[in-house]
Amino acid sequence: MLLQGCATTLSPVQLNISKHPSENQNQRVRFVVLHYTAGNWQQSLQILTQKSARPVSSHYLIPESFDSTYPEQELKVYQLVAETERAWHAGESAFEDRQNLNDQSIGIELVNTGHCDQPSAATASNTVRPALCLTPDFDPQQMQLLALLLKDILKRYPDISATRVLAHSDIAPAKKQDPGPRFPWQWLATQGIGAWYDNHSVRQYFQQPVLTGGITQLQQALRLYGYAIEVTGEHDEQSKLYFSAFQRHFVPEHITGGMDDKSIAVLSALLAKYRPDAFLQLLRQTAPTCPMHRANKPGMASCHTKDHQQTTINNNKN
């Protein structure tokens, strides 16, 4: 009775959250990754939504016209996974300083029957045979829907810069080749989406190359753009995979796994446009030394002064 007399009656506690945003944060979503489904609508929807031994999903699925398995009259964008949730579309992957991009990306699947068949064996000369890739052209109406969807996504996620609109093959070149060499990256860039080079810049770097330091410098340059290539100084198998991935995105008419003059000029133009300061620093650290008797001849392909490099990059950056 004495204890009861001393007891104090407490009011019920209610959860009252006051928001005070911290400046120490960023968005989860940093990339958009584009895929093709390698099948028709019905096959694609089933694979992306039903349980299986190897489950896969994406945030969005966009059908294509003239698909007999598509039941609607009008093409629509289908959301399969909420953007706040993780879709299983990227797998083992890397770009820039990030890995396992499922955690940091929005995945978009495009219905397309494109497919790559891996060779069964090496040739008699023991050289590696390239895969056989057959990819139909992408449906223009499907591309219009994709552009509208991407514009909406980019408005909501400003961290997705132009160089972070990616192909599956950009982030996992050892396993994936989609959306393939027929995907219209250049057209997408005309819609204000994704990265692309300027022709005048490519011409300038083709006539007056600045990436003249050999395979190590090319690996460093590709890594600077974002590709997770290992800098080995050798034209090894992983280099061929990453060079092919770059060409599939930006030089689709010439996918060789080796960096020819046009591919090097395109890479230079992209770095000058999107990574100008870091590109200049790379050139200063890795370019071959200019002999004095050639320093005043900026037209020489293998030797440019630092002033010439600075001027060229300033002329070509965005």
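Let me begin by describing the structure that accompanies this report. (Residues numbered from 1 in each chain as written. Predicted model: local features only at pLDDT ≥ 70, side-chain atom pairs only at ≥ 80, totals over all residues. Heavy atoms only, no water.)

1. Focus: the environment of A174
Tracing the chain through its elements places A174 in the loop between helix 4 (168–171) and helix 5 (185–190). Of the residues examined, A174 reaches a relative accessible area of 61% and is grouped as exposed. Counting along the chain gives 66 residues from A174 to K240, while the straight-line C-alpha distance between them is 9.7 Å. (Helix = DSSP H or I, 4+ residues; strand = E, 2+ residues; numbered from the N terminus. Buried < 20%, exposed > 50% of the residue type's maximum accessible area, 1.4 Å probe, protein only.)

2. Some remarks on the side chain of H168
Along the chain, H168 turns up in helix 4. Within the local environment of H168, its side chain forms a polar contact with the backbone oxygen of A90, the two atoms lying 3.4 Å apart. Beyond its immediate sequence surroundings of up to four residues, H168 is in contact with V33, L34, H35, H89, A90, K176, D178 and P179. (Polar contact = N/O pair within 3.5 Å; in protein donor to acceptor, adjacent residues only side chain to side chain. Contact = heavy atoms within 4.5 Å.)

3. So, the packing of aromatic side chains
In this description, an aromatic ring pair is defined by two values, namely the gap between the centres and the angle between the planes. In the structure shown here, the tally under the stated rule is 14 aromatic pairs. Taking 5.3 Å as the distance between ring centres and 85 degrees as the angle between the ring planes, the aromatic pair formed by F138 and F183 counts as edge-to-face. Of this pair, F138 sits in the loop between strand 8 (132–134) and helix 3 (140–156) while F183 is found in the loop between helix 4 and helix 5, placing the two residues 45 residues apart along the sequence. The residues F138 and F183 share a single accessibility class, namely buried. Among the aromatic residues, ring-to-ring pairing joins F31, F95, W196, Y197, Y225, Y227, F246 and F250 into one connected group. (Phe/Tyr/Trp six-rings, centres within 6.5 Å; stacked < 30°, edge-to-face > 60°.)

4. Comments concerning the layout of surface pockets
Of the voids in this model, the largest pocket is the one considered here, and its volume is about 920 Å³. Looking at the largest pocket, it is lined by 29 residues, and the ones nearest its centre are R54, V56, E109, H168 and K176. It is helix 2 (residues 41–49) that provides the largest number of residues to the lining of the largest pocket, a total of four residues. Considering only residue class, the lining of the largest pocket consists of ten nonpolar, 13 polar and six charged. (1 Å grid on protein atoms, 1.4 Å probe; cavity = no way out; pocket = protein on both sides within 12 Å on 5 of 7 lines; lining within 4 Å. Points joined across faces, edges and corners; volume = space filled by probe spheres on them. Nonpolar A, V, L, I, M, F, W, Y, C, P; charged D, E, K, R; others polar.)

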